[in-house]
Amino acid sequence: MSCEIDIRGLTKRFGANTVLDGIDLCLQPGERVAIIGPSGTGKSTLLRCLNFLDRPDAGVLKLGDLTVDAAKASRAQILALRRRTAFVFQNYGLFANKTARQNLTEGLTVVRGWSAARAEARADEILAQIGLADRGDSYPASLSGGQQQRVGIGRAMALDADLMLLDEPTSALDPEWVGEVLDLIRRIADGRQTMLIVTHEMQFAREIADRIVFMEGGRIVEEGPPAQIFGDPRDARTRAFLRRVG
Amino acid sequence: MRPLDLGYMAELAPVIAGYVPLTLMMAVIAMIAALVLAALLAIVRVLRVPVLDRLVAVFISFFRGTPLLVQLFLFYFGLPQVVPPMTGIDGVTAAIIGLTLHFSAYMAESIRGAILGVDRSQWEAAQSIGMTQGQLLRRIVLPQATRTAAPTLMNYFIDMIKSTSLAFTLGVTEMMGAAQKEAAGSFMYLEAFLVVALIYWAIVETLSVGQRRLEARLGRAVAR
Ligand SMILES: Nc1ncnc2c1ncn2[C@@H]1O[C@H](COP(=O)(O)OP(=O)(O)OP(=O)(O)O)[C@@H](O)[C@H]1O
Ligand SMILES: [Mg+2]
């Protein structure tokens, strides 16, 4: 079994509070993994550590040929890691001073060094895929929540990352917009984009994920295919959680 | 009580107005320098750059905590006594330096507030796509912060223009100096200083109109 993405012993403490307690996770190319678990369990922190938005205290991260020892990661390594991952935020994180199209091109021109023309062509392709071909010149403030999150996802798509990280991409949305955003993520998942998604939408996780990871107290308690986790959870904590969320 | 000598004022106005370019020159140079310095100071504060952060805090506290007039005297009369390269510094230069430092301290605080007003998720999004600290400040954070801070910064510019009159105390013949000289001959102090006041007022009013237009335009750009 080859790990395209390999996380070993990832540990994160906030003061005396150990939020991630030695996380091991292996993702194969194109694998779609959903993380579920109770609130405050370290799910967001796990994703943020993979992107160094939070700096892990220990652990080794391997993405393809890039290996980063978290405890002594250099600035260059952190940038390299960020350039291979893409993050979708719960509250979108769109650049308010940039149009939808510029939100997509920013990473390509500034970070990847693409020409403006090439980046715009790519952005227009993606705008069409996310159903916003006619809103490229709009600023985020004039878009609906659902449209904003689609731009947020489009920005991540544009980067063509080895790993897409999505942290509860629909929980900040009004219910009316949830469907369109889930549809878009479903399409990305169908394209076999390697992804790690934290979600409270159990039905959705079951549909799109190859594997479900259940976390509690900063540890991975149990992982397995959706049918097993939802149909025949082994650990009492998993069973208790699933009973609670219905 | 004698009536105002309007004829004298009309004669005097062009003479004093001749010093408007000097006033604007001092204000514009000091404003540009203060903006650059203020942005740097604000960035040091926001990023909490070790050591520098403490120094900047003291700098800001000092220049906000002491009168501009005292600062100008320090630069013009005080420092040359201990810093040899500053001997022979002329009043205009000393005034520009003093105005720059004084106003940069105030402006740094408003820019800092505006930077902190840019919502955290935009910083993180910029970092997550691999931008460097410099790129994210230059391309995402500062443009928004400048926009937020623009009205306040414009007010400081207006304040700065009025404060150039203090250069008079450093022996610079600007509008105040010119009025003082004219009045010393004619003894018409009221008319002379009234002319100065009216000219300042006209400049500030003109700028205020520009300021309102600018604000309307910036407001539109974000709401589009
Ligand atoms: N910046 C921080 N400083 C201190 N503590 C933090 C910080 N960020 C997270 N924590 C703590 O770490 C723990 C895990 O938080 P995290 O946000 O990762 O949980 P989560 O599983 O994503 O929860 P939720 O489902 O509510 O989003 C919590 O106890 C939280 O209070
Ligand atoms: Mg979370």
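These numbers were taken from a predicted model, which means no experiment stands behind them.

Q: Account for the site of ligand 1, naming residues and giving values.
A: Residues and elements named next belong to chain A. By nearness alone, 13 residues border ligand 1, and Ser39, Gly40, Lys43, Ser44 and Thr45 come closest of all. Take Gly40: an N or O atom from its main chain is 2.8 Å from an oxygen atom of ligand 1. A distance of 2.7 Å separates an oxygen atom of ligand 1 from a polar side-chain atom of Ser44. Compared with its free state, where it exposes 630 Å², ligand 1 has 60% of that area covered by protein. Contributions of two or more residues to the shell around ligand 1 are made by β2 (17-27) and α1 (43-50). No other element matches α1, which puts three residues into the shell around ligand 1.

Q: So what's going on with the sheet that holds strand β4 (residues 58-63) of chain A? Which residues, and what values?
A: Residue and element names in this part refer to chain A. Spatial ordering of the open sheet is given by β2-β1-β4-β5, a layout of four strands whose pairing is antiparallel. Lying at the two open borders of the sheet, with one neighbouring strand each, are β2 and β5 (66-69). Looking at each pair of strands side by side, their axes are set apart by 15° on average, direction ignored. The sheet contact formed by strand β1 (residues 5-14) and β4 spans five bridges and is antiparallel. Within β4, the residue paired with Asp6 across the bridge is Lys62. Running at roughly 115° to β1, α1 makes contact with β1, β2 and β4 of the sheet. Helix α2 (residues 75-84) rests against β4 and β5 of the sheet, and its axis sits at about 130° to β5.

Q: Residue-level account of the interface of chain A and chain B, with values.
A: Tallying the contact residues gives 26 residues for chain A and 20 residues for chain B. Here chain A packs against chain B, burying approximately 2,000 Å² in sum over the two surfaces, 57% of which is carbon and sulfur. Seen at the junction of chain A and chain B, the total is two salt bridges. Of all the secondary structure elements, the ones that give two or more residues to the side of chain A that touches chain B are α2, β6 (85-88) and α3 (100-111) of chain A. Here the residues of the side of chain A that touches chain B are counted per class, giving twelve nonpolar, seven polar and seven charged.

Q: Give a description of the UniProt feature "domain: ABC transmembrane type-1" (unreviewed entry) in chain B that names residues and reports values.
A: Annotation from UniProt places "domain: ABC transmembrane type-1" (unreviewed entry) at residues 20-208 of chain B. For the annotated span residues 20-208 of chain B, helix accounts for 82% and strand for 0% of the residues, and the straight-line distance between the end C-alpha atoms is 17 Å.

Q: Break down the state of the cysteines for me, with residues and values.
A: All names here are of chain A. Applying the stated rule across the entire model yields one disulfide over all chains. With a sulfur-sulfur separation of 2.0 Å, Cys3 is cross-linked through a disulfide to Cys26. Torsion about the S-S bond of the Cys3 and Cys26 cystine: about -110°, corresponding to left-handed handedness. In this pair, Cys3 sits in the segment before β1 while Cys26 sits in strand β2, placing the two residues 23 residues apart along the sequence. In this structure Cys3 comes out as partly exposed when scored by relative accessible area, which is 21%. The thiol sulfur of Cys49 is not disulfide-bonded, and the nearest other cysteine sulfur, from Cys26, lies at 19 Å.

About the cut-offs
- Residues numbered from 1 in each chain as written.
- Chains lettered and ligands numbered in written order.
- Predicted model: local features only at pLDDT ≥ 70, side-chain atom pairs only at ≥ 80, totals over all residues.
- Heavy atoms only, no water.
- Near = heavy atom within 4 Å.
- Polar contact = N/O pair within 3.5 Å; in protein donor to acceptor, adjacent residues only side chain to side chain.
- Areas by Shrake-Rupley, 256 points an atom, 1.4 Å probe, with all protein chains shown as cover.
- Helix = DSSP H or I, 4+ residues; strand = E, 2+ residues; numbered from the N terminus.
- Pairing = 2+ DSSP bridges.
- Axes fitted to C-alpha atoms, helices over the stretch in contact; angles between N-to-C directions.
- Contact = heavy atoms within 4.5 Å.
- Buried area = accessible area lost by both parts, 1.4 Å probe.
- Salt bridge = Lys/Arg side-chain N within 4 Å of Asp/Glu carboxyl O.
- Nonpolar A, V, L, I, M, F, W, Y, C, P; charged D, E, K, R; others polar.
- UniProt positions renumbered as here; feature names shortened; annotations may be inferred.
- Disulfide = S-S within 2.5 Å.
- Buried < 20%, exposed > 50% of the residue type's maximum accessible area, 1.4 Å probe, protein only.

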